[in-house]
Amino acid sequence: MCTSGRIILSTVLASLLSSCLVVPVGLITENPYAKEKLEPLLAPNADRKSVRQKFGNPLVTKENQRYWFYANERAMVGVLAGSSSTVLTDDDWLLVEFDQNGKVVFAEARNRKECASNGICFDSFIHADPVSGPIRPSQPKQDECAIYLYLDRLPWPLPAGTVRYYVDAKPIGVVDSETYLFLTHPQGRIQISAYDLSISAECQGGKPLYVRAVKKVDWSWITGEDLAPVSQAEGERNIKIRSPALFD
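Here the structure is a predicted model, which is why all the values come from computation and not from measurement. (Residues numbered from 1 in each chain as written. Predicted model: local features only at pLDDT ≥ 70, side-chain atom pairs only at ≥ 80, totals over all residues. Heavy atoms only, no water.)

For the rest of this paragraph, the subject is the overall build of the protein chain. Across its full length, the protein chain carries 4 helices and 16 strands. When burial is assessed residue by residue, the protein chain has 42% of its 248 residues classed as buried. Taking contacts inside the protein chain between residues at least 6 apart in sequence as the whole, the part at least 24 apart equals 56%. (Helix = DSSP H or I, 4+ residues; strand = E, 2+ residues; numbered from the N terminus. Buried < 20%, exposed > 50% of the residue type's maximum accessible area, 1.4 Å probe, protein only. Contact = heavy atoms within 4.5 Å.)

This part takes up the confidence of the model for the protein chain. Averaged over all residues, the pLDDT of the protein chain is 87; the fraction at 70 or higher stands at 81%. Note on residues 1-18: pLDDT is under 50 here. Beyond four places in sequence and across chains, it has 20 contacts. Across residues 76-80, where pLDDT falls below 50, the model places 31 contacts with residues more than four positions away in sequence or in other chains. (pLDDT = per-residue confidence, 0-100.)

Strand order in this open sheet of 4 strands is β10-β9-β12-β13, and the pairing throughout is antiparallel. Since the sheet does not close on itself, it has two edges, and those belong to β10 (170-176) and β13 (197-203), each with one partner. Within this sheet the neighbouring strands show an average axis-to-axis angle of 25°, counted without direction. In this structure, strand β9 (residues 162-167) lies alongside strand β12 (residues 188-194), joined through 3 bridges in antiparallel fashion. Among the inter-strand pairings, tyrosine 165 is bridged to a residue of β12, identified as alanine 194. (Pairing = 2+ DSSP bridges. Axes fitted to C-alpha atoms, helices over the stretch in contact; angles between N-to-C directions.)

Bringing the pairing of β10 into the picture now. Taken across its 7 residues, β10 has 5 buried, putting it largely inside the fold. One ladder, built from 6 bridges, connects β9 with β10; its direction is antiparallel. Directly across from valine 163, in β10, lies its bridge partner valine 175. What sits between the antiparallel neighbours β9 and β10 is a turn of 2 residues, in which aspartate 168 has the positive phi angle 55°.

Shown next, in the form of structure tokens:
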């Protein structure tokens, strides 16, 4: 919310505490990702520099700077009831995609409950829609394996949080218990790490490899209980109920 909007809202709240009133705060707040503000990003020469000048540094980047994500919380409605008040917000997000030369090829703003038209979603976690998104797991070649990395769910109501996976000591990406990472890898031995755990697994040509991480139930977000391959049947069952995550 802009400064003037906060001042006006505070004044309204202070003067009407004894009544019940719905105030359309959205009329005095500004949408930073309005259509007219995105038009410069669709110009032929728009690049990372121009995006940064317009919107600042991104909140998150993915796929080696291919995708930039921005987010904003905007007050829309103030509900005043007696001595209490509530402000309802509109959580907007902006996705900008670049080509290999750093030029903008896609820019779109959405509500936090909506996915972008290219199938990338940013609700509680950044992921791709399994049907309309850009990530399509495929059958591996005979000299490589297909690797699926995911995080097991903990018994309700314990949150599993997130975990970053490493393959051959290289950071690959982050998943939560609703997403997975997919990649292919040359056949042979492969080193996979997550939390404070690391394993060596066999990457068999033309076959899938499913690896599951389990969070240790403690107060740390960096300790794991287990990291191990699972059977193809178990892996397929778990991947089917998850959405693909984007790489770092």
